[in-house]
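# Notes for the structure review
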Amino acid sequence: QVQLVESGGGLVQAGGSLRLSCAASGLTFSIYHMGWFRQAPGKEREFVAVISRSGAGTSYADSVKGRFTISRDNAKNTVYLQMNSLKPEDTAVYYCAGARTGVLATAAYEYIYWGQGTQVTVSS
């Protein structure tokens with residue numbers, strides 16, 4: 001079956017960096033746009049970033065633009081999220097997800113496969 005497994009979360013001080021990874025199995029990885037979402041306690045899940053099937057196209061939430069970078073390695077069936085200049089408001093559970101939409105998807109309902117999430121905590 002399809003599995004998306006995130007890793008790389010943890011506790012970091014404000015201004016620090018983390019790199020999240022999401023390893024996919026059980027699907028033809030290269031035909032899916034891959035996205036990252038996050039959910040903080042008491043808040044709805046929100047879009048963070050998405051990358052196209054080939055990796056040529058990306059889109060980011062305004063809140064992370066210029067600080068986060070999404071990338072993928074189709075040979076390794078893995079998508080990454082490099083997070084720099086982290087802020088306490090970035091604290092959340094981060095999820096990777098896969099979509100087969102025609103355009104880069106930014107809404108959670110457009111994604112059909114989800115990982116279990118990895119916790120990112122940024123201390124002030």
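Values in this document were obtained by computation on a predicted structure and should not be read as measured data.

## So, the overall build of the chain
- The helix and strand tally for the chain stands at 0 helices and 11 strands.
- The order of helices and strands in the chain, counted from the N terminus, is β-β-β-β-β-β-β-β-β-β-β.
- The C-alpha radius of gyration computed for the chain amounts to 13 Å, which stays within 12% of the reference 14 Å derived for 124 residues, consistent with globular compactness.
- Counting the 124 residues in the chain, one finds 44% classified as buried.
- At a minimum sequence separation of 6, the contacts of the chain that also span at least 24 residues come to 60%.
- Accessible surface, the chain as shown: approximately 6,000 Å² in total, 47% of it carbon and sulfur.
- Charged side chains of the chain number 11 positive and 8 negative; the gap between the two group centres comes to 6 Å.

## Some thoughts on the state of the cysteines
- The final tally for this structure, using the stated rule, is 1 disulfide.
- Here C22 is linked by a disulfide to C96, with a sulfur-sulfur distance of 1.9 Å. On the S-S bond that ties C22 to C96, the torsion sits near 45°, and the link is right-handed. One end of the pair, C22, is in strand β3 (residues 18-25); the other, C96, is in strand β9 (residues 92-99), with 74 residues separating them in the sequence. Comparing C22 with C96, the two get one shared label, buried.

## Details of the environment of A108
- Position of A108 relative to the elements: it lies in the loop between β9 and β10 (113-114).
- Looking at A108, the relative accessible area reads 30%, which means it is partly exposed.
- Sequence separation between A108 and W36 is 72 residues, and the spatial gap between their C-alpha atoms is 9.7 Å.
- In this structure, A108 is in contact with F37 and W114, ignoring residues within four places of it in sequence.

## Remarks on the pattern of salt bridges
- Applying the stated criterion across every chain yields a total of 4 salt bridges.
- Note that K65 and D62 form a salt bridge whose closest N and O atoms lie 3.1 Å from each other.
- For D62, a relative accessible area of 66% corresponds to the exposed category.
- Two residues, D90 and R67, come together in a salt bridge whose shortest N-O distance is 2.8 Å. Remark: R67 occurs in the loop between β6 (58-60) and β7 (68-73) and D90 occurs in the loop between β8 (78-83) and β9; sequence separation between them is 23 residues.
- A relative accessible area of 11% places R67 in the buried class.
- Bridged by salt links that share partners, the residues R38, E46, R67 and D90 form one connected network.

Parameters and conventions
- Residues numbered from 1 in each chain as written.
- Predicted model: local features only at pLDDT ≥ 70, side-chain atom pairs only at ≥ 80, totals over all residues.
- Heavy atoms only, no water.
- Helix = DSSP H or I, 4+ residues; strand = E, 2+ residues; numbered from the N terminus.
- Rg over C-alpha atoms; globule rule 2.2 N^0.38 Å.
- Buried < 20%, exposed > 50% of the residue type's maximum accessible area, 1.4 Å probe, protein only.
- Contact = heavy atoms within 4.5 Å.
- Areas by Shrake-Rupley, 256 points an atom, 1.4 Å probe, with all protein chains shown as cover.
- Lys, Arg positive; Asp, Glu negative; His and termini not counted.
- Charge placed at Lys NZ, Arg CZ, Asp CG, Glu CD.
- Disulfide = S-S within 2.5 Å.
- Salt bridge = Lys/Arg side-chain N within 4 Å of Asp/Glu carboxyl O.

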